[in-house]
Amino acid sequence: MKRKSILFAGMMLFFAVTAMAQKFALIDMEYILKNIPAYEMTNEQLSQLSKKWQTEVEALQQEAQNMYKTYQSDLVFLSAEMKSKREEEIVKKEQEAQDLKRKYFGAEGELYQKRSSLMKPIQDEIYNAVKEIAEEKGYQAVVDRASAMSIIFASPKIDISNEVLVKLGYSK
């Protein structure tokens, strides 16, 4: 019986030491970003650029639609050769609109590249601040609650979002 008690006490001590050895913290990246003016300005800049490019794409699409409507109204007066030529022009204009859309908004398009180039310095700055805080306070892991969908509850005591903002010079 005494042996079981010692074994049990030893296991409890082991689990307590193990649990205490690991320190975690949370950040809320959305909250942090909303409190950084450079992020808001970058978002506004990207939004304006996106609207400008969308207008260009829509203008080309509208031009293709107008060409098609004109073609439909002139259809009875066109020879087979002229029909074919107009159809090719319409298809070419539609393809031009699709190519422009892909160039601006595609997976590796200009909007993606612009977003990456503007956001990377902000993200790097946040990462470095989080890393410094984690090293100072001995955190083994810092989890972003905004992207960690499996976190149901976390104590506000372990949220270091405001510390990150202070470290970045945006006091809260």
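Thresholds applied
- Residues numbered from 1 in each chain as written.
- Predicted model: local features only at pLDDT ≥ 70, side-chain atom pairs only at ≥ 80, totals over all residues.
- Heavy atoms only, no water.
- Helix = DSSP H or I, 4+ residues; strand = E, 2+ residues; numbered from the N terminus.
- Expected span 1.5 Å × (residues − 1).
- Contact = heavy atoms within 4.5 Å.
- Core = buried A, V, L, I, M, F, W, Y, C linked by side-chain atoms within 4.5 Å.
- Buried < 20%, exposed > 50% of the residue type's maximum accessible area, 1.4 Å probe, protein only.
- Lys, Arg positive; Asp, Glu negative; His and termini not counted.
- Salt bridge = Lys/Arg side-chain N within 4 Å of Asp/Glu carboxyl O.
- Polar contact = N/O pair within 3.5 Å; in protein donor to acceptor, adjacent residues only side chain to side chain.

**Side note on helix 4 (residues 80-105)**
Residues three or four positions apart in an α-helix share a direction because the helix packs 3.6 residues into each turn. Between its first and last C-alpha, helix 4 extends 37 Å over 26 residues, near the 38 Å set by a 1.5 Å rise per residue. On its buried face, helix 4 sits against helix 3 (37-74) and helix 5 (110-137).

**Observations regarding the nonpolar core**
By size, the foremost hydrophobic cluster in this structure holds 26 residues, and its most contacted members are Ile32, Ile36, Ile122, Ile126, Ile160 and Val164. Contributions of two or more residues to this core are made by strand 1 (24-27), helix 2 (29-34), helix 3, helix 4, helix 5 and helix 6 (161-168). Tallying contributions element by element places helix 5 first for this core, with eight residues. Residues in contact with isoleucine 36, not counting those within four places in the same chain, are Ile122, Ile126, Leu165, Leu168 and Tyr170.

**Regarding the side chain of aspartate 144**
Within the secondary structure, aspartate 144 sits in strand 2 (residues 141-144). There is no salt bridge for the buried aspartate 144, and the closest opposite charge comes from arginine 145, which lies 7.1 Å off by N-O distance. A distance of 3.0 Å separates a polar side-chain atom of aspartate 144 from the backbone nitrogen of methionine 29. When neighbours within four sequence positions are excluded, aspartate 144 is seen to be in contact with Ile27, Asp28 and Met29.

**Topic: helix 3**
For helix 3, with 38 residues, the first-to-last C-alpha span of 55 Å sits near the 56 Å given by 1.5 Å per residue. Along helix 3, the positions that sit buried rather than exposed are Tyr39, Thr42, Leu46, Trp53, Val57, Leu60, Ala64 and Tyr71. Where helix 3 is buried, its residues touch helix 2, helix 4 and helix 5.

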